[in-house]
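Structural overview for review
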Amino acid sequence: MKQEQNTIKCWKCGESLDISEALYKDVEGRLRGELAAESALRERELVREVGEKVRGEIGIEVATLKEELDQKSLQLQELNQAKSKSSDFVVRKQSFGTKSLEKSVS
């Protein structure tokens, strides 16, 4: 194609305009707008996906920590019960020993 076939004259000022350049800029503007919209949409989707994944991982971690806490609480209860039984045994032993001494002194 010749350069002349790609130009038109402005009806107002008479200046020659390159149609190819005008069309290129028009198409480029449209594509940039479409790409920006697609990019923004994809970004929102990725943010949502990452948020869901993070919430899921945090939920799993919280559940694991709760399970560990429950196990530690149970161990603590068992330890306190054993300590209580041990204290009762020592008190009884001391009481029994005192009674034995009283009988032997009398």
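Residues numbered from 1 in each chain as written. Predicted model: local features only at pLDDT ≥ 70, side-chain atom pairs only at ≥ 80, totals over all residues. Heavy atoms only, no water.

Considerations on the overall build of the protein
As a reminder of what qualifies: Secondary structure elements follow DSSP: runs of H or I no shorter than four residues count as helices, runs of E no shorter than two count as strands, and numbering proceeds from the N terminus. Using the Shrake-Rupley algorithm and a 1.4 Å probe, accessible areas are obtained, with residue cover drawn only from the displayed protein chains.
Helices and strands together make up the secondary structure of the protein, namely one helix and two strands. Reading the protein from its N terminus to its C terminus gives the helix and strand order β-β-α. Of the accessible surface of the protein, which amounts to about 10,100 Å², a share of 59% is contributed by carbon and sulfur atoms.

So, the pattern of salt bridges
Formally: A side-chain nitrogen of Lys or Arg and a carboxyl oxygen of Asp or Glu constitute a salt bridge if their distance falls within 4 Å. For each residue, the accessible area found with a 1.4 Å probe, counting protein chains only, is set against the maximum for its type, and the residue is called buried under 20%, exposed over 50%, and partly exposed in between.
All told, the structure shown has seven salt bridges when counted by the stated rule. For Arg32, the salt bridge goes to Glu28, with nearest N and O atoms at 3.0 Å. Separated by four residues within a single helix, Arg32 and Glu28 lie in helix H1 (residues 19-105), roughly one turn from each other. Arg32 gets classed as exposed once you look at its relative accessible area, which sits at 56%. With a shortest N-O distance of 3.4 Å, Arg42 and Glu45 are connected by a salt bridge. Note that Arg42 and Glu45 are positioned in helix H1 at a spacing of three residues, about one turn of the helix. The class of Arg42 is partly exposed, set by a relative accessible area of 40%. We classify Glu45 as partly exposed; its relative accessible area is 29%. Each member of the salt-bridge network shares a partner with another, and the members are Arg42, Glu45 and Glu49.

Looking at the confidence of the model for the protein
Formally: The quantity known as pLDDT measures the predictor's confidence residue by residue, on a range of 0 to 100.
Of all residues in the protein, 78% have pLDDT values of 70 or greater, and the mean over the chain is 84. Taken element by element, the protein is modelled with least confidence in strand S2 (residues 16-18), mean pLDDT 82, and with most confidence in H1, mean pLDDT 86.

Section: a nonpolar patch on the surface
Formally: Without a salt bridge and with relative accessible area above 30%, a residue can belong to a patch; like charges are then joined within 9 Å and nonpolar side chains (Val, Leu, Ile, Met, Phe, Trp, Tyr) within 5 Å.
A surface patch of nonpolar side chains, amounting to about 330 Å² of accessible area, comprises Val50, Val54, Ile58 and Val62. Along the chain, Val62 falls in helix H1.

Some words on the state of the cysteines
Definition in use: Count a disulfide wherever a pair of cysteine sulfur atoms falls within 2.5 Å.
As enumerated under the stated definition, the model contains zero disulfides in all. Looking at the unpaired Cys10, the closest cysteine sulfur is the one in Cys13, lying at 3.6 Å.

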